[in-house]
Amino acid sequence: MHDLAAMLLLDASLAQSIVDRTMQILHANVNVMDARGIIIASGDPARLGARHEGATMVLAQGRTVEIDDALASCLHDARPGINLPLRAEGAIVGVIGLSGAPDAIRQFAELLRMAAETMLEQARLMRIIARDLRLREELVLQLVGIATPTPALEDWARKLGVDPDLPRVAVLVALDPAVGDATALLAEQQRVLESIARAEPGALCAPVSLREIVGLLPVAGAGNDPVRLHGRVDALLVRLQRGAPRPLLLGLGGVFPGRAGLVRSYQSARTVLRVGRRRQPARALHCYADQTLAVLLAGLGEGWQADELRRPLQRVAEHDRDGVLRRTLAAWFAHDMKSSLAAGALHVHRNTLDYRLRRIGEFSGLDLGRLDDVLLLFIALELDQG
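Now for a description of the structure that goes with this document. Owing to the predicted nature of the structure, the values given are computational and were not obtained by experimental measurement.

Cut-offs and rules
Numbering of residues starts from 1 in each chain and follows the order in which that chain's sequence is written. With pLDDT at 70 or above as the cut-off, local features in this predicted model cover only qualifying residues; side-chain atom pairs require 80 or more to be listed or tallied, and sums for whole chains, interfaces and linings still use all residues. For side-chain calculations, the full set of non-hydrogen atoms in the structure is used, while hydrogens and water are omitted. The buried label applies to any residue whose accessible area, calculated with a 1.4 Å probe on protein chains only, is under 20% of its type's maximum; exposed applies above 50%, and partly exposed to all values in between. To qualify as a helix, a DSSP run of H or I must reach at least 4 residues; to qualify as a strand, a run of E must reach at least 2; elements of each kind are numbered from the N terminus. It is the directions from the helix axis to the C-beta atoms that the arc portrays. Should DSSP find at least two bridges between two strands, the strands are regarded as paired. Whenever a helix is involved, its axis is fitted only over the stretch in contact; in every case the axis is a line through C-alpha atoms, and angles between N-to-C directions fall within 0 to 180 degrees. Contacts between residues were defined by any pair of non-hydrogen atoms, one from each residue, lying within 4.5 Å. Definition used in this section: a nonpolar core is a set of buried Ala, Val, Leu, Ile, Met, Phe, Trp, Tyr and Cys residues joined via side-chain atoms within 4.5 Å. Angles are sorted into four bins: roughly parallel if under 35 degrees, roughly antiparallel if over 145, roughly perpendicular if 65 to 115, and oblique for all others. Each crossing is labelled by how the near helix is turned from the far one, with a counterclockwise turn of less than a right angle marking it left-handed and a clockwise turn marking it right-handed. Gly is placed with the polar residues, together with every amino acid not listed as nonpolar (Ala, Val, Leu, Ile, Met, Phe, Trp, Tyr, Cys and Pro) or charged (Asp, Glu, Lys and Arg). The term salt bridge refers to a side-chain nitrogen of Lys or Arg lying within 4 Å of a carboxyl oxygen of Asp or Glu.

### Concerning helix α3 (residues 53-61)
Okay, step 1: Of the positions making up α3, those classed as buried are Gly54, Ala55 and Val58. Along the long axis of α3, the arc covered by the buried residues comes to 100°, so they all point the same way.
Okay, step 2: One or two residues past the end of α3 sits Gly62, with phi positive at roughly 70°.

Given below as structure tokens:
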């Protein structure tokens, strides 16, 4: 194995961990050498960075080398002990040495090597898991359009066991902005990622920022049913809230066909979360299916058309310095233009509500009995709040 590959498998941090853990059991000094025979970890810090003659012999011969007093006297800065090759993936990646008279320590040397190689294998597997996790997260960011697509996406996804064409819907999880400590945010982010993985084994997840996590949930077949999907995500929210230090918010995007639909699903999840926070601040779950019109209107806030759409509400504002008419209009729309419900929410008499609505009509120049005019006011209010 090349030195670089060996160094990736056996670094100084891992080597020192092997030394520290084994020396808790064995009352003898332990050294770990890299593929060049250099001491990279030791119970004796003074020896770090020195070339180990016994390790050099092990690397040259590919076998265990014992050094007694007689041999030690013939070598430069050598001490009695047993040096054993450390193997990983079928190749020698370093050497582990146990100091002492060979006859006294021989019974422990092989156990020491086996323990060290077990730790090497565990570290290798953890690196593979961490690498695959990073690749899956990068894949998620590409699928939702945050990261730049690469030509290797198909091959990459296949190696990770992911079907990029499987129908999915985006769920955006927002952590509470009151959590300001970066360490606490990272811990909460990890908890949310693990909770989603347990609740939705087929989900793909990735952090998109310190405070936001996107999950792509499979929705093939019956999973596409809006009622079932809403219930499923609601159950996910309940699970995520358990153990959460602060409340979480979820935005459920729309289900759109094709791989490009994932980008749209993510964008709709972001927008519905932003719109939902404004329209229904007390709710924790905001769904595109429930607020489709408001989400679609949220992208129409610029240009001369937007100026014209806002104009009726601006005319009302000229006569509404305390904002009563605006609040009345918002409550009326929030209750689906049911006057009795809107009056109750505003704590006013029904006649008072009707009077205010007539004033809104007069100031805006619109007829609240005509659907087109009501839509113009609704759109104006949405754009002004967005």
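### Some thoughts on the sheet that holds strand β8 (residues 212-218)
Okay, step 1: Strand order in the open sheet formed by five strands is β7-β8-β6-β9-β10, with mixed pairing between adjacent strands. Lying at the two open borders of the sheet, with one neighbouring strand each, are β7 (204-209) and β10 (285-287). Here the average twist between neighbouring strands, direction ignored, is 20°.
Okay, step 2: The sheet contact formed by strand β6 (residues 168-174) and β8 spans seven bridges and is antiparallel. If you follow Arg168 over to β8, its bridge partner there is Pro218.
Okay, step 3: Contacting β7 and β8, helix α5 (residues 102-143) crosses the sheet at an angle of about 75° to β7.
Okay, step 4: Helix α9 (residues 260-279) rests against β6, β7, β8, β9 (249-252) and β10 of the sheet, and its axis sits at about 35° to β6.

### Description of the sheet that holds strand β2 (residues 39-42)
Okay, step 1: Taken together, five strands build an open sheet; the order of strands is β2-β1-β5-β4-β3 and the sheet is antiparallel. In the strand order of this sheet, the two ends are held by β2 and β3 (65-67), each with one partner. Strand-to-strand twist in this sheet, taken as the mean axis angle between neighbours without regard to direction, amounts to 25°.
Okay, step 2: By the bridge criterion, four bridges tie strand β1 (residues 30-33) to strand β5 (residues 91-99) in an arrangement that is antiparallel. Opposite Val30, over in β5, you have Leu98 as the bridge partner.
Okay, step 3: Lying over the sheet, α3 contacts β1, β3, β4 (81-88) and β5, oriented at roughly 155° with respect to β3.

### With respect to the nonpolar core
Okay, step 1: Grouped together as the largest cluster of nonpolar side chains are 25 residues, with contacts concentrated most on Leu10, Ile18, Val32, Leu86, Ile96 and Leu98.
Okay, step 2: When residues of this core are traced back to their parent elements, those giving at least two are α2 (12-23), β1, β2, β4, β5 and α5.
Okay, step 3: Sort the elements by how many residues they give to this core and α5 lands first, with seven residues.
Okay, step 4: Within the second largest apolar cluster, 24 residues are counted, among which are Val171, Val192, Ile213 and Val233.

### A few points about the packing of helix α11 (residues 304-317) against helix α14 (residues 350-364)
Okay, step 1: In the contact formed by α11 and α14, the axes pass within 8 Å of each other and the chain directions differ by 115°. The pairing of α11 with α14 is recorded here as roughly perpendicular in orientation. In this structure, α11 meets α14 at a crossing whose hand is right-handed. The segment α11 lies against α14, with Pro312, Arg315 and Val316 engaging Ile360, Phe363 and Ser364.
Okay, step 2: Considering only residue class, the contact of α11 with α14 consists of four nonpolar, one polar and one charged.

### Here's the deal with the pairing of β2
Okay, step 1: Here β1 runs beside β2; their pairing, made up of three bridges, is antiparallel. Within the sheet, the bridge partner assigned to Val32 lies in β2 and is Ala41.
Okay, step 2: Following β1, the chain reverses through five residues before pairing antiparallel with β2; Gly37 in that reversal takes a positive phi of roughly 85°.

### A look at the pattern of salt bridges
Okay, step 1: Applying the stated criterion across every chain, the model contains 18 salt bridges.
Okay, step 2: Between Arg124 and Glu121 there is a salt bridge whose closest N-O contact spans 2.8 Å. Of this pair, Arg124 and Glu121 both sit in helix α5, separated by three residues, roughly a single helical turn.
Okay, step 3: Here Arg326 ties to Asp384 by a salt bridge, and the two come within 2.6 Å at their closest N and O atoms. Here Asp384 lies in helix α15 (residues 371-385) and Arg326 lies in helix α12 (residues 324-334), a separation of 58 residues in the sequence.

### Points about the packing of α12 against α14
Okay, step 1: Where α12 contacts α14, the two axes come as close as 10 Å, and the packing angle between them is 110°. The angle between the axes of α12 and α14 places the two elements in the roughly perpendicular class. For the pair α12 and α14, the contacting residues are Val324, Leu325, Thr328, Leu329 and Trp332 in the first and Leu353, Arg356, Leu357, Arg359, Ile360 and Phe363 in the second.
Okay, step 2: Here the contact of α12 with α14 is composed, by residue class, of eight nonpolar, one polar and two charged.

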